[in-house]
Amino acid sequence: MKTIEVINRNVLGTVSEADINGLQARANEAMEKLHKGTGAGNDFLGWLHLPSETAEALLDDINATAKCFDDCEYVVAIGIGGSYLGAKAVIEALSDSFAAYKPADGPRVLFAGQNIGEDYLHELKGLLRGKKFGIIVISKSGTTTEPAIAFRMLREMLEAQEGKDFAAKHIVAITDAHKGALRKLATEEGYKTFVIEDNVGGRFSVLTPVGLLPIAVAGFDIKALIAGAKSMEEATAGAGNIAEKYAMTRNALYNAGKKIEILVNFNPKLHYFGEWWKQLYGESEGKDGKGIFPAAVDDTTDLHSMGQWIQEGERTIFETVISVGDAKYTEVIPSDEANLDGLNYIAGRRVDEVNKMAELGTCLAHVDGGVPNILVTIPELSEKYLGELIYFFEKACGISGYILDVNPFNQPGVEAYKKNMFALLNKPGYEAESAAIQAKLK
């Protein structure tokens, strides 16, 4: 049966098998902490068995709710961080690259609340003006600044355009089970709701209603996504699994001075998967003065911008390449009698064959340039294999964080900017902080 594979390709020039295997005891401890819930952050392990514990009835409810938006031209998913990137990653990976320019056969999913861009919100409102649209608002508290601003503005617009009854039937809140501003509003207004469980952190939430509802609205098979994740949950349950192998290898490279990991794809549909991965690893491991810095590039595009630095810059990097086996379509390069561009030597070959040779050639060049390389192969871009890939990286992240000896499931540093922003905006309750920061700015 096809599945994803992980190959430590050409890392042994930097680290040895002994270096990698020397972390086996730490990996065993990490697996035990995850599966027995004995490690730091053990109150956020709800994602660990999420695929196998997701009820069919919940998936049916999500799919039925998605159909409630069938009379909408657009559905805006409002959220930030893990409440946005997971759904965006899957939708972009599975969508037609030019869907925005083609007639839609269902609602198009748009995103808001992932920034505080005034022009972005103005232009989004301009697009939605006079159009039927729905809202999926994702926030545990309902008070996170970025999504709260977007939701306040778009809810007001929707109610003004279509009336409160329509809005109540076309706003879905994904929030806390019992408390918080959004839960209170949803109860008062009669919005359909789904729960963000307390034991699942945002960056691990793509396989919950947080990610599944927008993905279902976009027309993709969430049952296949969960099935793929479930197969990877089973494959990584025991010792010596591929998630453990990846976690051990990247930590061995980190110990050898490779402080930056670049996630590389050669398929433009995976751009936002790289963005999701960056949050997963950056927020999980970047603490206590430790952590591999996660970066991502889209090749071959970025070989014409970042390629020089990767090839010959500071040798503190390693690459993890996601390679997609089968392209969805077939396009063959034609022959040309004049051959002014010199491409006749590849005439008759598929574009994907050329891309694969670019991928292999790049990896060989980078290895020769001192960049260790880990290869992750995925048979095709489909719901099933994306589900596998998501769970693989989640499981490896938990193992890797514990090997690094940090709590992979908290994010204390995220609050620093919020405190300063609230103080600068004179938010009630921040009077002392406002005075202190104004004094600092003088």
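Just above sits the structure.
Bear in mind that the values here come from a model prediction, so they are computed numbers and not experimental data.

Conventions used here
Residues numbered from 1 in each chain as written. Predicted model: local features only at pLDDT ≥ 70, side-chain atom pairs only at ≥ 80, totals over all residues. Heavy atoms only, no water. Pairing = 2+ DSSP bridges. Helix = DSSP H or I, 4+ residues; strand = E, 2+ residues; numbered from the N terminus. Axes fitted to C-alpha atoms, helices over the stretch in contact; angles between N-to-C directions. Contact = heavy atoms within 4.5 Å. Buried < 20%, exposed > 50% of the residue type's maximum accessible area, 1.4 Å probe, protein only. Right-handed = clockwise from strand over helix to strand, strands pointing away. Polar contact = N/O pair within 3.5 Å; in protein donor to acceptor, adjacent residues only side chain to side chain. Salt bridge = Lys/Arg side-chain N within 4 Å of Asp/Glu carboxyl O.

Before going further, it helps to examine the sheet that holds strand 1 (residues 5–9). As a general point, the strands of a sheet are linked pairwise by backbone hydrogen bonds and lie either parallel or antiparallel. Strand order in this open sheet of 5 strands is 1-10-9-7-8, and the pairing throughout is mixed. Looking at which strands have only one partner, the edges of the open sheet turn out to be strand 1 and strand 8 (293–298). Between one strand axis and the next, the sheet turns by 20° as a mean value, whatever way the strands run. In the sheet, strand 1 pairs with strand 10 (residues 373–380) via 5 bridges, with the strands oriented antiparallel. Following the sheet pairing, Glu5 is matched in strand 10 by Thr377. In the packing of helix 15 (residues 351–368) onto the sheet, contacts are made with strand 1, strand 9 (317–326) and strand 10, and the angle to strand 9 comes to roughly 160°.

Here the focus is the sheet that holds strand 3 (residues 108–112). On the basis of which strands lie adjacent, the open sheet formed by 5 strands has the order 3-2-4-5-6 and parallel pairing. Where the open sheet ends on each side, the last strands, each with one partner, are strand 3 and strand 6 (192–195). Shown here is a sheet whose adjacent strand axes are inclined to one another by a mean of 20°, direction ignored. With 4 bridges connecting them, strand 4 (residues 133–138) and strand 5 (residues 171–175) associate as parallel partners. Across the sheet, Ile136 pairs through a bridge with Val172, a residue of strand 5.

Most of strand 10 is tucked away: 6 of the 8 residues are buried. In the sheet, strand 9 pairs with strand 10 via 7 bridges, with the strands oriented parallel. Paired with Val321 across the strands is Leu375, a residue of strand 10. For the crossover from strand 9 across helix 15 to strand 10, the handedness is right-handed.

The residue Ala64 is located in helix 4 (residues 56–67) in this model. C-alpha separation for the pair Ala64 and Lys395, spaced 331 residues apart in sequence, amounts to 30 Å.

Let us look at the environment of Tyr417. Position of Tyr417 among the secondary structure elements: in helix 17 (residues 415–424). Tyr417 gets classed as partly exposed once you look at its relative accessible area, which sits at 39%. Residues Tyr417 and Ala181, 236 residues apart in the sequence, show an inter-C-alpha distance of 22 Å. Only 2.8 Å separates the side chain of Tyr417 from the side chain of Glu146, close enough to count as a polar contact.

Under the counting rule described, the total for this entry stands at 21 salt bridges. Note that Lys140 and Asp176 form a salt bridge whose closest N and O atoms lie 3.5 Å from each other. Highlighted residues: Lys140 in the loop between strand 4 and helix 7 (145–162) and Asp176 in the loop between strand 5 and helix 9 (181–189), separated in sequence by 36 residues. The class for Lys140 is partly exposed, based on a relative accessible area of 31%. Its relative accessible area of 4% is what places Asp176 among the buried residues. Across the salt bridge formed by Glu261 and Arg250, the nearest N and O atoms sit 2.6 Å from each other. In this pair, Glu261 sits in strand 7 (residues 260–265) while Arg250 sits in helix 12 (residues 242–255), placing the two residues 11 residues apart along the sequence. No difference in accessibility class separates Glu261 from Arg250, as the two residues are buried. Connected via shared salt-bridge partners are Lys140, Asp176, Lys179 and Asp198.

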